[in-house]
Amino acid sequence: MEMKKPQGPFCQSCGMPMGRPEDFGTEADGGKSKDYCHYCFEKGKFTEPEITMEQMTGKVAYFLVKMEGMPEAMAKEISKTFIPRLKRWQ
Ligand SMILES: [Zn+2]
């Protein structure tokens, strides 16, 4: 299976592609976050401030399996490579 190439920026926390305005999280002043999606970031704060990179990697792998129908081994491999490169985890 080929990875789709999503358009637009990725959430710098979970890696979700943000193609639509409503995919973006919100800043404290009500503006849109340019870095994070609405699952990860609301009103200027992370929705799960305590989550570790390992936990996020697990969540993303689960999401790829459930939503994209990706084989588990591949999903784990992709999230392990992709998530640590995002800004939140630097
Ligand atoms: Zn996100």
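Located above this text is the structure these notes cover.
None of the values given here were measured: they were computed from a predicted structure.

Student: So, the overall build of the protein chain: which residues are in play, and what are the values?
Tutor: Of the regular secondary structure elements, the protein chain holds two helices and four strands. N-terminal to C-terminal, the α/β element order of the protein chain is β-β-β-β-α-α. Relative to its length of 90 residues, the protein chain is compact, with a C-alpha radius of gyration of 13 Å against a globular reference of 12 Å. By principal-axis analysis of the C-alpha atoms, the protein chain measures approximately 40 × 25 × 20 Å. Across the 90 residues in the protein chain, those meeting the buried criterion constitute 22%. Considering only intrachain contacts with a sequence separation of at least 6, the fraction spanning at least 24 residues in the protein chain is 31%.

Student: Mind laying out unusual backbone geometry, listing which residues take part and the relevant values?
Tutor: Despite not being glycine, lysine 43 has its phi angle at roughly 50 degrees, a positive value. Along the polypeptide, lysine 43 turns up in the loop between strand 3 (41-42) and strand 4 (45-46). Note on lysine 43: 12 C-beta atoms within 10 Å, which makes it exposed.

Student: Outline the environment of tyrosine 62, listing residues and values.
Tutor: Looking at the element boundaries, tyrosine 62 is found in helix 1 (residues 53-68). In this structure the C-alpha to C-alpha distance between tyrosine 62 and glutamate 72, which are 10 residues apart in sequence, comes to 7.8 Å.

Student: Outline the nonpolar core, listing residues and values.
Tutor: Among the nonpolar cores identified, the biggest contains 13 residues, and Cys11, Cys14, Tyr36, Cys37, Cys40 and Val60 are the most heavily contacted of them. Among the secondary structure elements, those contributing two or more residues to this core are strand 2 (32-37) and helix 1. Apart from residues lying up to four places away in sequence, valine 60 is in contact with Cys14, Gly15, Ser79 and Ile83.

Quick notes on the rules
- Residues numbered from 1 in each chain as written.
- Predicted model: local features only at pLDDT ≥ 70, side-chain atom pairs only at ≥ 80, totals over all residues.
- Helix = DSSP H or I, 4+ residues; strand = E, 2+ residues; numbered from the N terminus.
- Rg over C-alpha atoms; globule rule 2.2 N^0.38 Å.
- Buried ≥ 20, exposed ≤ 12 C-beta atoms within 10 Å, placed from the backbone.
- Contact = placed C-beta atoms within 7 Å.
- Core = buried A, V, L, I, M, F, W, Y, C linked by C-beta atoms within 7 Å.

These results come straight from atomic positions and should not be treated as a statement about function.
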